[in-house]
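# Observations on chain architecture
The primary structure of each chain is shown beneath.
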Amino acid sequence: MPQETIYSLIPFWIVIIPLLMSVAVFLTAMRPVRKYFSSEYDDLVDNSKDNTEPVSGGMLRLIFLLVGTVIPLALAIKLYSLVSQGYVVICNIDVLPPLGLNFRVDILSQYMTLLFTFFALIIVIYSIGYMKGDPLPQRFFGFLMLVYAGSLGVVLAGDLFSLFLFFEFMSIMYFVLIVHKANPVSVAAGLKFLFMTIFAGVSLFMAVVIIYWQTGSLSLNTSGLVSEISVFSLMAFIGFIIAFGTKAAMFPLHFWMPDAYTHAPLPAALFSSVIMLKVGVYGLIRVFYNVFGTEYLAAVNWDNIIVVIACFTILFGSTIAIAQDDLIRRLAYSGIAQVGYIILGIALFNPYGLIGAVFHITAHAFMKGCLFLCAGVIIKVTGNRSIAKMKGIGYQLPVTMLAFTIAAITAVGMPPFNIFVTKWHLSLGALQINQPIIIIVLLISSMLNAAYYLPIAIHAFLGQDQSQGEHGHHREFKRSNFREPGAIMLVPVILLALGCVVFGLPTQNWPLEIVKSVAALLY
């Protein structure tokens, strides 16, 4: 059913404000700016740190970062008030002729925008604490805001041309975050990501050109642009799968992710897991439901191939994760499996599957975001990344490891935690297409999740660090033993841990209600 449109500049400002604030963050590194804003605070610098940036420079950066995240969140909430009334918000900027820069916000775009703006604020607040002492904070946070702006641009884009521009911008800016440490391993990881990004970008460009040539339109305001079955249509479909599948780390396009997560600053890996991977699956949703349409893809049976790839991605990521001793690499391979759930739900081509897929975007963000935040606390406080050396760590970081345990149970898919809702709807979707074997895949995945997450939580409170003697280390909950970080890192951990379960307790699951509206729109 056609929806009433309303013109507003809100989508434009949601994207442009982080861009402007990124420039402001970069300017805080310039000596004249720092000198102008500092005088009485310079004597507060802690010279014992490697980073001798004046306090005023850090305060300015904090203000710019908060402006760049709080205002987009407020605008996204305002946008929700319009979209929830049934409006589609559009905005056209007369640049880059002949197509221009177009924004279009329906319930799916709004859902993604709310998710991105909320988590960006959480990530920025946490990162301020985690990156304390970094010699180049302005570079890290400046490029983080650029990647954030690109991510928002993708989900707010009104056509494939605008989506392509923001997608490429986001990808190239993220390369700088990976190589931020500027050591050989981070540069190697960054180059791997860059080469795959270039390949994905060329594939996306080819697909967009073919669609425009075939249909004369790049609009996402349709239930299927393509109607002709041809070799060119197949080439475009493959191009889209390569582009968005690479960003979503779908097998076999996942190779960049484990090394990038391992060697980039942890907040960069966190941002990718919570936001950037979701950009990839968002692109797949638009391609499946708006560019080709469910009837077209069902007729050519391309969806069956994606279902098989998604199931293999789930089992592959979970199996490889068990073998990882490095905590970040285990989270990375687990993320590959989790994204497989979303891709599976998209490709089931029924409302249950789509509800499971889109809901999992939020469920995964809370669960995996919490796990990454906890991992960051562990690394920041102890300097340890080895899972084998984390026995008894719960007595030093009780709040952090309790949050880790909640997120770990969520990943397994037990009620009332979020991911149970995901697997319930995916199972219903599998039964609707008479494929009960998919339920077996989901059950195996749950057991594998339990195998590589729950032992970490159990050993954190029940295990003994044998290197500290016969009776282990810190086997009592004493305040003198606690090494929890400050509130700026701990509060985000607690918030995301609560988010893993709080939506499943009341009778009205707010994210699930929005997701059902998304399914109603696309079906």
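Computed from a prediction, not measured in an experiment: that's the story for all the values here. (Residues numbered from 1 in each chain as written. Predicted model: local features only at pLDDT ≥ 70, side-chain atom pairs only at ≥ 80, totals over all residues. Heavy atoms only, no water.)

With that settled, consider the overall build of the protein. Assigned secondary structure in the protein consists of 19 helices and three strands. Taking 523 residues into account, the globule formula puts the C-alpha radius of gyration at 24 Å, and the protein, at 23 Å, falls close to it. In terms of its C-alpha atoms, the protein occupies a principal-axis envelope of roughly 70 × 60 × 45 Å. Each of the 523 residues in the protein was classed as buried or not, and the buried ones make up 60%. When the accessible surface of the protein is totalled, it reaches about 20,400 Å², and 67% of it is carbon and sulfur. Distance between charge centroids for the protein: 6 Å, based on 27 positive and 23 negative side chains. (Helix = DSSP H or I, 4+ residues; strand = E, 2+ residues; numbered from the N terminus. Rg over C-alpha atoms; globule rule 2.2 N^0.38 Å. Buried < 20%, exposed > 50% of the residue type's maximum accessible area, 1.4 Å probe, protein only. Areas by Shrake-Rupley, 256 points an atom, 1.4 Å probe, with all protein chains shown as cover. Lys, Arg positive; Asp, Glu negative; His and termini not counted. Charge placed at Lys NZ, Arg CZ, Asp CG, Glu CD.)

On to helix H14 (residues 351-382). Helix length check: H14, at 32 residues, gives a terminal C-alpha distance of 46 Å against a target of 46 Å (1.5 Å per residue), a fit within 8%. When the local axis directions of H14 are compared, the greatest deviation, roughly 30°, occurs at His360. With 28 of its 32 residues buried, H14 lies for the most part within the structure. Within two residues after H14, Gly383 carries a phi angle of roughly 75°, on the positive side. (Expected span 1.5 Å × (residues − 1). Bend = angle between axes of the 7 residues up to and from the residue.)

If you check helix H1 (residues 10-27), its first and last C-alpha atoms are 26 Å apart, about what 18 residues at 1.5 Å a residue would give, namely 26 Å. Along H1, the sharpest change in direction is near 25° and occurs at Ile16; proline Pro18 comes one to four residues later. Taken as a whole, H1 has its buried residues at Ile10, Pro11, Ile14, Val15, Ile16, Ile17, Pro18, Met21, Ser22, Ala24 and Val25.

What follows concerns the sheet that holds strand E3 (residues 101-105). Read from one edge to the other, the open sheet built from three strands follows the order E1-E2-E3, with strand pairing classed as mixed. Since the sheet does not close on itself, it has two edges, and those belong to strand E1 (5-7) and E3, each with one partner. Averaged over all pairs of adjacent strands, the angle between their axes in this sheet comes to 25°, without regard to strand direction. As paired strands, strand E2 (residues 88-93) and E3 are joined by five bridges and run antiparallel to one another. Note that in E3 the partner of Val89 across the bridge is Val105. (Pairing = 2+ DSSP bridges. Axes fitted to C-alpha atoms, helices over the stretch in contact; angles between N-to-C directions.)

What follows is about the packing of H1 against helix H5 (residues 137-156). The geometry of H1 relative to H5 is characterised by a closest axis approach of 8 Å and an angle of 170° between their N-to-C directions. It follows from the interaxial angle that H1 and H5 lie roughly antiparallel. Judged by residue contacts, Pro11, Ile14, Val15, Pro18, Leu19, Met21, Ser22, Val25 and Phe26 of H1 engage Gln138, Arg139, Phe141, Gly142, Phe143, Met145, Leu146, Tyr148, Ala149, Leu152, Gly153 and Leu156 from H5. (Parallel < 35°, antiparallel > 145°, perpendicular 65-115°, else oblique. Contact = heavy atoms within 4.5 Å.)

Mapped onto the elements of the fold, Thr410 is located in helix H15 (residues 398-412). Within polar-contact distance, the side chain of Thr410 engages the backbone oxygen of Ile406 at 2.8 Å. Non-local contacts of Thr410, meaning those with residues more than four positions away in its chain, are made with Met367, Phe417, Asn418, Ile419 and Cys500. (Polar contact = N/O pair within 3.5 Å; in protein donor to acceptor, adjacent residues only side chain to side chain.)

A few words now on unusual backbone geometry. Here the amide bond leading from Phe251 into Pro252 is cis, since omega sits at 0°, within 30 degrees of zero. Structurally, the position occupied by Pro252 is in the loop between helix H8 (231-247) and helix H9 (256-263). Residue Pro416 follows Pro415 across a cis peptide bond; omega there is 5°. With respect to the helices and strands, Pro416 occurs in the loop between H15 and helix H16 (418-432). Even without a glycine there, the phi angle at Ala249 is positive, about 60°. Looking at where Ala249 falls in the secondary structure, it is placed in the loop between H8 and H9. Judged by its relative accessible area of 0%, Ala249 is buried.

What follows covers the confidence of the model for the protein. Mean pLDDT over the protein: 86, with 91% of residues reaching 70 or higher. For the stretch residues 33-52, pLDDT sits under 50, and the model shows 23 contacts to residues farther than four places along the chain or on other chains. Scored below 50 in pLDDT, residues 469-474 shows 11 contacts in the model against residues more than four places distant or in partner chains. (pLDDT = per-residue confidence, 0-100.)

We now examine the nonpolar core. Among the nonpolar cores identified, the biggest contains 182 residues, and Ile211, Phe240, Trp256, Tyr261, Phe288 and Phe292 are the most heavily contacted of them. Phe240 has contacts with Leu160, Leu204, Ala207, Val208, Ile211, Gly245, Leu284, Val287, Val291 and Phe292, leaving out every residue within four places of it along the chain. (Core = buried A, V, L, I, M, F, W, Y, C linked by side-chain atoms within 4.5 Å.)

With that settled, consider the packing of aromatic side chains. Using the criterion set out here, one finds 33 aromatic pairs in the structure. Look at Phe167 and Phe244: their rings are 5.3 Å apart centre to centre, the planes differ by 80°, and that puts the pair in the edge-to-face class. A residue pair is termed long-range when its members are at least 10 positions apart, and Phe167 in helix H6 (residues 160-178) and Phe244 in helix H8 qualify at 77 residues. Note on accessibility: Phe167 and Phe244 belong to one class, buried. When the centroid spacing of 5.3 Å and the interplanar angle of 65° are considered together, the rings of Phe193 and Trp256 count as edge-to-face. Of this pair, Phe193 sits in helix H7 (residues 184-215) while Trp256 is found in helix H9, placing the two residues 63 residues apart along the sequence. For the pair shown, Phe193 and Trp256 are each scored as buried. Joined through ring pairs, the aromatic side chains of Phe167, Phe237, Phe240, Phe244, Phe288, Tyr289, Phe292, Tyr296, Trp302 and Phe349 make up one cluster. (Phe/Tyr/Trp six-rings, centres within 6.5 Å; stacked < 30°, edge-to-face > 60°.)

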